[in-house]
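# Observations on the model geometry
Here's the letter readout for the chains.
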Amino acid sequence: QPAVIEQLLALLESVDRSKARDLEVWKPAIAEYCYHHYGDREWRLDPKCIVLHYTAGKSFPQNLVDTDEFAGEKPGLASHYVVDGEHVWEILPPTVRSRATYGINHRAISIEMLGADAQDMMENRKLTMDTAAKLVIDLRNKFYMSPEQLYSHQQVATMNRAIVPWVL
């Protein structure tokens, strides 16, 4: 157990914030977005779950930090974390709402994993999956989440409250 705890602490200390969103710009924009979609003008996140995604590609998805709007609405896209091998970027702190998971941005921490496609993620990107698993364990512990509070993008996309109770 002590070795696992040391690994998790090392992961958190090594998180790269060089591509982080400007929170002074992000917070008011995400608050307006949340008012329109969830009925509350709030930027703060009290996470209830974690959603795992994969970004089809093999390099950092710049659209998560460069877009000002998406589908005609502000703000642009942003996940909380992007994982590539052992590298973890924090785009947004886990206590700030993101725009990465349609229908659950107001409750979810979003983690993007880089891979060419689903098959690449399962066959060739073991290091990325291992790093994401460590990040998930740390976040679950920090926010007191059970394993049942971890979802895939596909589960959230069903918009089924029997599967994901917080989806709107």
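Here's a quick rundown of the structure. (Residues numbered from 1 in each chain as written. Predicted model: local features only at pLDDT ≥ 70, side-chain atom pairs only at ≥ 80, totals over all residues. Heavy atoms only, no water.)

### Here we look at the overall build of the protein
Looking only at helices and strands, the protein has 6 helices and 5 strands in total. The C-alpha atoms of the protein give a radius of gyration of 15 Å, which matches the 15 Å a tight globule of 168 residues would have. Overall, the protein is about 45 × 35 × 30 Å in size when its C-alpha atoms are taken along their principal axes. Per-residue burial over the protein gives 45% buried out of 168 residues. Long-range pairs, those at least 24 residues apart, make up 70% of the contacts in the protein between residues at least 6 apart in sequence. (Helix = DSSP H or I, 4+ residues; strand = E, 2+ residues; numbered from the N terminus. Rg over C-alpha atoms; globule rule 2.2 N^0.38 Å. Buried < 20%, exposed > 50% of the residue type's maximum accessible area, 1.4 Å probe, protein only. Contact = heavy atoms within 4.5 Å.)

### Thoughts on the side chain of His-53
Mapped onto the fold, His-53 is located in strand E1 (residues 49-56). Of note is the side chain of His-53, whose polar atom sits 3.1 Å from the side chain of His-153. When neighbours within four sequence positions are excluded, His-53 is seen to be in contact with Ala-100, Thr-101, Ser-110, Ile-111, Glu-112, Met-113 and His-153. (Polar contact = N/O pair within 3.5 Å; in protein donor to acceptor, adjacent residues only side chain to side chain.)

### Focus: the layout of surface pockets
Reported here for the largest pocket is a volume of approximately 330 Å³. For the largest pocket, the lining is made up of 19 residues, of which Phe-70, Leu-77, Arg-99, Ala-100 and Thr-101 are closest to its centre. Listing elements by their share of the lining of the largest pocket, those giving two or more residues are helix H2 (23-38), E1 and helix H3 (63-66). Of the residues forming the lining of the largest pocket, the biggest block, 3 residues, is contributed by E1. Among the residues making up the lining of the largest pocket, the classes are represented as 9 nonpolar, 7 polar and 3 charged. The volume enclosed by the second largest pocket comes to roughly 250 Å³. For the second largest pocket, the lining is made up of 15 residues, of which Leu-52, His-53, Tyr-54, Met-113 and Met-129 are closest to its centre. Those elements that place two or more of their residues in the lining of the second largest pocket are E1, helix H4 (118-123), helix H5 (126-142), strand E5 (150-152) and helix H6 (153-157). With 4 residues, the top contributor of residues to the lining of the second largest pocket is H5. (1 Å grid on protein atoms, 1.4 Å probe; cavity = no way out; pocket = protein on both sides within 12 Å on 5 of 7 lines; lining within 4 Å. Points joined across faces, edges and corners; volume = space filled by probe spheres on them. Nonpolar A, V, L, I, M, F, W, Y, C, P; charged D, E, K, R; others polar.)

### Digging into the sheet that holds strand E2 (residues 81-84)
Within a beta sheet, neighbouring strands are joined by backbone hydrogen bonds and run either parallel or antiparallel to one another. Here 5 strands make up an open sheet; going across it, the order is E3-E2-E4-E1-E5 and the pairing mixed. Every interior strand has two partners, whereas the edge strands, strand E3 (87-90) and E5, have only one. With direction set aside, neighbouring strand axes in the sheet form an average angle of 25°. Pairing analysis gives 4 bridges linking E2 to E3, with the strands arranged antiparallel. Paired with Val-82 across the bridge in E3 is Trp-89. This element, H5, spans E1, E2, E3, strand E4 (108-115) and E5 of the sheet and lies at about 170° to E4. (Pairing = 2+ DSSP bridges. Axes fitted to C-alpha atoms, helices over the stretch in contact; angles between N-to-C directions.)

### So, the packing of aromatic side chains
On inspection of all chains with the given rule, the structure shows 2 aromatic pairs. Ring geometry for Phe-60 versus Trp-89: centroids 4.8 Å apart, planes at 65°, classification edge-to-face. In this pair, Phe-60 is assigned in the loop between E1 and H3 and Trp-89 in strand E3, connecting sequence segments 29 residues apart. The pair Phe-60 / Trp-89 is uniform in exposure class, with both members buried. The ring centre of Trp-43 lies 4.0 Å from the NZ or CZ of Lys-27, which sits over that ring. In this arrangement the basic side chain of Arg-41 is found over the ring face of Tyr-35, its NZ or CZ atom lying 3.9 Å from the centre. (Phe/Tyr/Trp six-rings, centres within 6.5 Å; stacked < 30°, edge-to-face > 60°. Lys NZ or Arg CZ within 6 Å of the ring centre and 35° of its normal.)

Any link to function would need more than the numbers given here.
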